[in-house]
Amino acid sequence: MPRTLAVVLVILSFTSVMILAVFGLVPTIWQQVGNLINDIPNMYAGLESFIATIPERYPELANLQIVESIVTNAKNQALVLGENVLKGSVASLVSLATLAVYLILVPLLVFFLLKDKQEMLSMTSVFLPRNRKLADKVWIEMNEQISNYIRGKVLEILIVGGVSYITFAILDLRYAVLLAVAVGFSVLIPYIGAAAVTVPVAIVGLFQWGLSPQFYWLLLAYGIIQALDGNVLVPILFSEAVNLHPVAIIVSVLVFGGLWGFWGVFFAIPLATLVKAVINALPSHDDDDPIDRAA
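First things first, this report covers the structure right here in the doc. (Residues numbered from 1 in each chain as written. Predicted model: local features only at pLDDT ≥ 70, side-chain atom pairs only at ≥ 80, totals over all residues. Heavy atoms only, no water.)

1. Brief notes about the overall build of the protein
Here's step 1: In terms of helices and strands, the protein carries 12 helices and zero strands.
Here's step 2: The secondary structure elements of the protein, listed N-terminal to C-terminal, are α-α-α-α-α-α-α-α-α-α-α-α.
Here's step 3: The burial tally for the protein puts 26% of its 295 residues in the buried class.
Here's step 4: Considering only contacts in the protein between residues 6 or more positions apart, those separated by 24 or more positions represent 64%.
Here's step 5: Per element, the accessible surface of the protein, about 20000 Å² overall, is 72% carbon and sulfur. (Helix = DSSP H or I, 4+ residues; strand = E, 2+ residues; numbered from the N terminus. Buried < 20%, exposed > 50% of the residue type's maximum accessible area, 1.4 Å probe, protein only. Contact = heavy atoms within 4.5 Å. Areas by Shrake-Rupley, 256 points an atom, 1.4 Å probe, with all protein chains shown as cover.)

This is the structure in C-alpha cells:
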C-alpha cells in the first residue's frame, strides 16, 4: 500500500490502543493508587505496633531504646517523603501545559518522520562522506536489530505483567493490577527493576496477610516468575530477537552496567547489538588474503 496510507493506519492503530489503555487500564490503576495512599497510615500504624512488640518477642535481639529510635527514624523519613511527594505534585501541575503541547506535537512529529523518511535520509546523506560502506552495514543491521529488540521487550512486558496479574488475582492480593503493571514495566531494567519492585509487592503482602502461609506463597510465586523471566524468557526471547547468545546478554549487562551504572544496564542490550553490528561489518581476514584474491 502507499506509504502515507500505511503510516496513517499505524498511527491510528497505536492511538486506538493507547486510548483503550488510558480509559480502560489507567482508571483502575489510579483508583488502586488512591486506595494504597489511603492505606499507608494504617500500614504505618501496623508497622509501629509490630516493632513495639519486638522486645517482648525477642528480648535478646532488641531493646526498647533501639525500637524507639527505629520508629522515630521511620516517622521522620515518612514526613520527608510526604513533603517530596507534595512538592512533586505542585511541580507536576506546572508542567501539565507542556504535556498537553507534547501530546499534540509528538504525534505530528512521528507522522512526518515516518511519512517523509526517505526524503529526510536523502537530505542527511549530503553531510556524510561518500565512502561509507561500513557505516551503511552497521546502520542496516542496527535498524533491524533495534526493531526486534523493541518488539521483544514489549512482548516481555505483556507476558510478565499478564502472568503476574493472574498470579496476584488467584492469591487475592490487593492492588493486583497496580502491582502487575509495576512488575511488567520493571523488565525495562534487567535485574535491578525486578529487585526494586519486589519491595512494594512484599510490603503489600505482609500488611495484608502478615507472616502467614499466604504471604510465603506470594513470595514463592513471585520468585518463580522472576526466575523464569530472568533465566528462561529473557535469554530465549532476546537471543532470537537480536540474535545474541544468552551469555553475550548477561556479559553486556555486567560490562555496561559496571561502566555507566543505571543507564549502562538500561541500554545494555542495544549497546551489545551495536558492538555486534560493528564486528559483523568489519572486513574479515580472508578478504585480505592474497591467495584468495589470486584464486
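2. Some details on the packing of aromatic side chains
Here's step 1: If you walk through the whole model with that rule in mind, you get three aromatic pairs.
Here's step 2: Centre to centre, the rings of Phe111 and Phe112 are 5.2 Å apart; their planes meet at 75°, and the pair counts as edge-to-face.
Here's step 3: Plain terms: the ring middles of Phe215 and Tyr216 are 5.7 Å apart, the flat faces sit at 65° to each other, and that makes the pair edge-to-face.
Here's step 4: For Phe215, a relative accessible area of 8% corresponds to the buried category. (Phe/Tyr/Trp six-rings, centres within 6.5 Å; stacked < 30°, edge-to-face > 60°.)

3. Details of the packing of helix α7 (residues 176-185) against helix α8 (residues 192-209)
The relative placement of two packed helices is expressed as an angle between their axes plus a distance between the axes.
Here's step 1: In the contact formed by α7 and α8, the axes pass within 10 Å of each other and the chain directions differ by 160°. Judged by the inter-axis angle, α7 sits roughly antiparallel to α8. Read as a crossing pair, α7 and α8 show a hand that is left-handed. Residues Leu179, Ala182 and Val183 of α7 form the contact with α8, whose own contacting residues are Val197, Pro200, Val201 and Val204. (Axes fitted to C-alpha atoms, helices over the stretch in contact; angles between N-to-C directions. Parallel < 35°, antiparallel > 145°, perpendicular 65-115°, else oblique. Left-handed = near helix turned anticlockwise from the far one by under 90°.)

4. Some details on the nonpolar core
Here's step 1: Counting residues in each nonpolar core, the largest one holds 21 residues, and the members touching the most others are Phe168, Leu173, Leu179, Val183 and Val201.
Here's step 2: If you tally residues by element for this core, the top one is α7, at six residues.
Here's step 3: When neighbours within four sequence positions are excluded, Phe168 is seen to be in contact with Leu173, Ala176, Leu179, Ala180, Val183, Val201, Leu218 and Tyr222. (Core = buried A, V, L, I, M, F, W, Y, C linked by side-chain atoms within 4.5 Å.)

5. Overview of helix α6 (residues 133-170)
Here's step 1: For α6, which comprises 38 residues, the first-to-last C-alpha distance of 56 Å matches the rise-based estimate of 56 Å (1.5 Å per residue) to within 8%.
Here's step 2: Of the residues one or two after α6, Asp172 is the one with positive phi, at around 60°. (Expected span 1.5 Å × (residues − 1).)

6. So, the side chain of Ser164
Here's step 1: Here Ser164 is to be found in helix α6.
Here's step 2: In this view, Ser164 contacts Ala180, Val183 and Ile225; residues no more than four positions away in its chain are not counted.

7. Quick look at the pattern of salt bridges
Here's step 1: Under the criterion given, the structure shown has two salt bridges.
Here's step 2: Here Lys153 makes a salt bridge to Glu156, at a shortest N to O gap of 3.2 Å. Placement of the pair is Lys153 and Glu156 together in helix α6, with a separation of three residues, close to one helical turn. (Salt bridge = Lys/Arg side-chain N within 4 Å of Asp/Glu carboxyl O.)

8. Considerations on the environment of Gly264
Here's step 1: Among the structural elements, Gly264 can be located in helix α10 (residues 246-266).
Here's step 2: Relative accessible area serves as the criterion here: at 0%, Gly264 is assigned to the buried category.
Here's step 3: The spatial distance from the C-alpha of Gly264 to the C-alpha of Ser252 is 8.9 Å, given a sequence separation of 12 residues.
Here's step 4: Excluding residues that lie within four positions of it along the chain, Gly264 makes contacts with Phe256 and Gly257.

No statement about biological role is implied by the geometric values presented.
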